Amino acid sequence: MLNTIHIDAQPVSFTPGQSIMQAARAAGIYIPHLCYHPGFSPYGSCRLCLVKIDGRLQSACTTLAAAGQQIENNSESINANRRMITQMLFVEGNHLCPGCEKSGACQLQAVAYFLGILEPGFTHLYPTRAVDASHPAVMLDFNRCILCELCVRASHQEGKHLFAIGGRGGQAHLIINSASGTLGDTAISATDHAVQVCPVGALMPKHQGYHHPIGQRFYDQHPINQVGDANTITTGEIA
Amino acid sequence: MKTKLKVATTSLAGCFGCHMSLLDLDERLLQLIELVEFDRSPLTDKKHLGQCDLGIIEGGLCNTENIEVLRDFREHCTILVAMGACAITGGIPAMRNNFTLEECLAESYLNGIGVEHAQIPQDPELPPLLKQVHPLQEAVKIDYFLPGCPPSADAIWQFLQALVQNQPVRLPYTALHYD
Ligand code: SF4
Ligand code: SF4
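Residues numbered from 1 in each chain as written. Chains lettered and ligands numbered in written order. Predicted model: local features only at pLDDT ≥ 70, side-chain atom pairs only at ≥ 80, totals over all residues. Heavy atoms only, no water.

## Details of the site of ligand 2
Around ligand 2 lies a shell formed by Cys145, Ile146, Leu147, Cys148, Glu149, Cys151, Leu174, Cys198, Pro199, Val200 and Ala202 of chain A. Its residues assigned to classes, the shell around ligand 2 shows ten nonpolar, no polar and one charged. (Near = heavy atom within 4 Å. Nonpolar A, V, L, I, M, F, W, Y, C, P; charged D, E, K, R; others polar.)

## What about the pairing of strand β1 (residues 5–11) of chain B?
Consecutive side chains along a regular strand alternate between the two faces of the sheet. Residues and elements named next belong to chain B. Within β1, six of the seven residues are buried, leaving the element largely enclosed by the surrounding structure. By the bridge criterion, three bridges tie β1 to strand β2 (residues 36–38) in an arrangement that is parallel. When the bridges of β2 are listed, Leu5 appears paired with Val36. (Buried < 20%, exposed > 50% of the residue type's maximum accessible area, 1.4 Å probe, protein only. Helix = DSSP H or I, 4+ residues; strand = E, 2+ residues; numbered from the N terminus. Pairing = 2+ DSSP bridges.)

## Some words on the sheet that holds β1 of chain B
Residue and element names in this part refer to chain B. Spatial ordering of the open sheet is given by β2-β1-β3-β5-β7, a layout of five strands whose pairing is parallel. Looking at which strands have only one partner, the edges of the open sheet turn out to be β2 and β7 (144–146). The average undirected angle you get between the axes of adjacent strands in this sheet is 30 degrees. For strand β5 (residues 77–83) and β7, the ladder comprises three bridges, and the chain directions are parallel. Directly across from Ala82, in β7, lies its bridge partner Phe145. Contacts from helix α2 (residues 28–35) reach β1 and β2 within the one sheet, and its direction differs from that of β2 by about 95 degrees. Packing of helix α6 (residues 153–164) onto the sheet brings it into contact with β1, β2, β3 (52–58), β5 and β7, and relative to β7 it is tilted by some 160 degrees. (Axes fitted to C-alpha atoms, helices over the stretch in contact; angles between N-to-C directions. Contact = heavy atoms within 4.5 Å.)

## Concerning the sheet that holds strand β5 (residues 70–72) of chain A
All names here are of chain A. The mixed open sheet is built from five strands, whose spatial order is β2-β1-β5-β3-β4. If you trace the sheet from one side to the other, it starts and ends with β2 (10–13) and β4 (56–59), each paired once. The average undirected angle you get between the axes of adjacent strands in this sheet is 35 degrees. With four bridges connecting them, strand β1 (residues 4–7) and β2 associate as antiparallel partners. Of the residues in β2, the one forming a bridge with Ile7 is Gln10. Docked against the sheet, helix α2 (residues 76–91) engages β3 (50–53), β4 and β5, running at close to 150 degrees with respect to β3.

## A few points about helix α3 (residues 107–114) of chain A
Residue and element names in this part refer to chain A. Most of α3 sits inside the fold, with seven of its eight residues counted as buried. Residues of α3 that are buried include every one of Gln107, Leu108, Gln109, Ala110, Val111, Ala112 and Tyr113, and no others. Buried residues in α3 make contact with α2, α6 (224–227) and α7 (230–233). Immediately downstream of α3, the backbone of Gly116 shows phi near 70 degrees, a positive value.

## A word on the site of ligand 1
For ligand 1, the full set of nearby residues is Phe90, His95, Leu96, Cys97, Cys100, Ser103, Cys106, Leu108, Gln109, Arg144, Val200 and Gly201 of chain A. More than half of the atoms of ligand 1 fall within 2 Å of the grid points belonging to the largest cavity. (1 Å grid on protein atoms, 1.4 Å probe; cavity = no way out; pocket = protein on both sides within 12 Å on 5 of 7 lines; lining within 4 Å. Sits in = over half its atoms within 2 Å of the grid points.)

## Examining the layout of surface pockets
Residue and element names in this part refer to chain A. There is about 760 Å³ of room inside the largest pocket. Forming the boundary of the largest pocket are 33 residues, of which Glu101, Lys102, Ala105, Met204 and His212 lie nearest the centre. Every element with two or more residues in the lining of the largest pocket is listed here: α5 (193–196), β10 (203–205) and α7. The element that contributes the greatest number of residues to the lining of the largest pocket is β10, accounting for three residues. Counted by class, the lining of the largest pocket contains 17 nonpolar, twelve polar and four charged residues. (Points joined across faces, edges and corners; volume = space filled by probe spheres on them.)

## Regarding unusual backbone geometry
Across the junction of Cys149 of chain B and Pro150 of chain B, the peptide omega takes the value -5 degrees, indicating a cis bond. Mapped onto the secondary structure, Pro150 of chain B falls in the loop between β7 and α6. One non-glycine residue, His207 of chain A, lies in the positive phi region at around 70 degrees. Looking at where His207 of chain A falls in the secondary structure, it is placed in the loop between β10 and α6. On the basis of relative accessible area, His207 of chain A is assigned to the exposed category, the value being 74%. Not every positive phi belongs to a glycine, and Phe16 of chain B is a case in point at roughly 75 degrees. Assignment of secondary structure puts Phe16 of chain B in the loop between β1 and α1 (17–23).

## Thoughts on the packing of α2 of chain A against α3 of chain A
Residue and element names in this part refer to chain A. Relative orientation of the contacting elements α2 and α3 amounts to 140 degrees, with a least axis distance of 10 Å. Relative to α3, the element α2 is oriented oblique. Once α2 is placed against α3, the crossing between them reads as left-handed. Where α2 abuts α3, its residues Thr86, Leu89 and Phe90 lie against Leu108, Gln109, Val111 and Ala112. Classifying every residue of the contact of α2 with α3 by side-chain character gives five nonpolar, two polar and no charged. (Parallel < 35°, antiparallel > 145°, perpendicular 65-115°, else oblique. Left-handed = near helix turned anticlockwise from the far one by under 90°.)

Interpretation note: all reported values are geometric properties and have no functional meaning in isolation.
Written out as structure tokens, the structure is:
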């Protein structure tokens, strides 16, 4: 059929120009992801949305849907890759969920729950990273940043250009566009999309931690493949 | 009747919260002791570890004694379980990993708020601290991981039942959490 792809044998129609991720979302099929967000052009960094397209691993967010593609998504072998990628995201930072304000509404954690991850799988790096608490209304905890680049894209879109990713490989890190290199002398505000869009507890508004009791947080009752991305729903955007 | 599983438990660099969660089994503890017999555990106060089917460990590794106890458990237990965030990731105690040991000791015993008679404890009975806190699987092989801070009594119950009945461990969505 014209303009149809198959995801795990299920026929999915697409409009030309749609990525596999977009076509899947429109059809209600969950492809795990962290750096993808429907409001921005895809970045392809987190690698979680790797699917097998006609036998080749490619990221669903950066690959256009093309008629006849046979796509393997929610299979044990693909999810095994995703588990490793997610485990690496955890051990390369310092993710102390028991003390994190984002816990329960964090997309990294939610993806890990979806994938059934019980253990780190790799040796913890325990990197030494700072917390930037210099701004009165917004904090940035580098320990939890997964370099998804969403704040960079959102800040460009809202005309403030506050962030970029600097360095390469293991040295890659988020940098702040201000004279001191800290948040304190930027024009950021807690209501900026750049803050709201952070999928983890890295960029957070201050003074409102632990707002929802355990049991009532975004991912407490239902998994991310059912309730969606906290950073799209809380800002009122739909796929 | 099937012989009871022998179970040992201990808390290393943890807060005993996981053991409190175990006690939270409440009346199910009565069912549990029909199925298992406790060897060394804070629940029995036995000091020496015998040969066990199952060892359950709370807390990570922060000093040399923790490593000794962990190795003893690995040697004596057929199945070893890391229970809770600290055992699996180092947890809250691992927050000190971003500081030197000297800085941590100075903050706690010399310069901290409300410290009197400032001195760093040096009793030979105190086991030396490790430079960093580590999870269990970085020192010995761990067979099962039961995350949570602490894992709920329900999660512990389902986990134990699966193990006792030799079934694969599958936690329902609401029982799997890292906090
Ligand atoms: S950002 Fe998410 S994964 Fe990291 S510590 Fe916070 S809740 Fe856990
Ligand atoms: S601060 Fe948040 S949004 Fe920005 S790159 Fe890090 S994880 Fe992504």
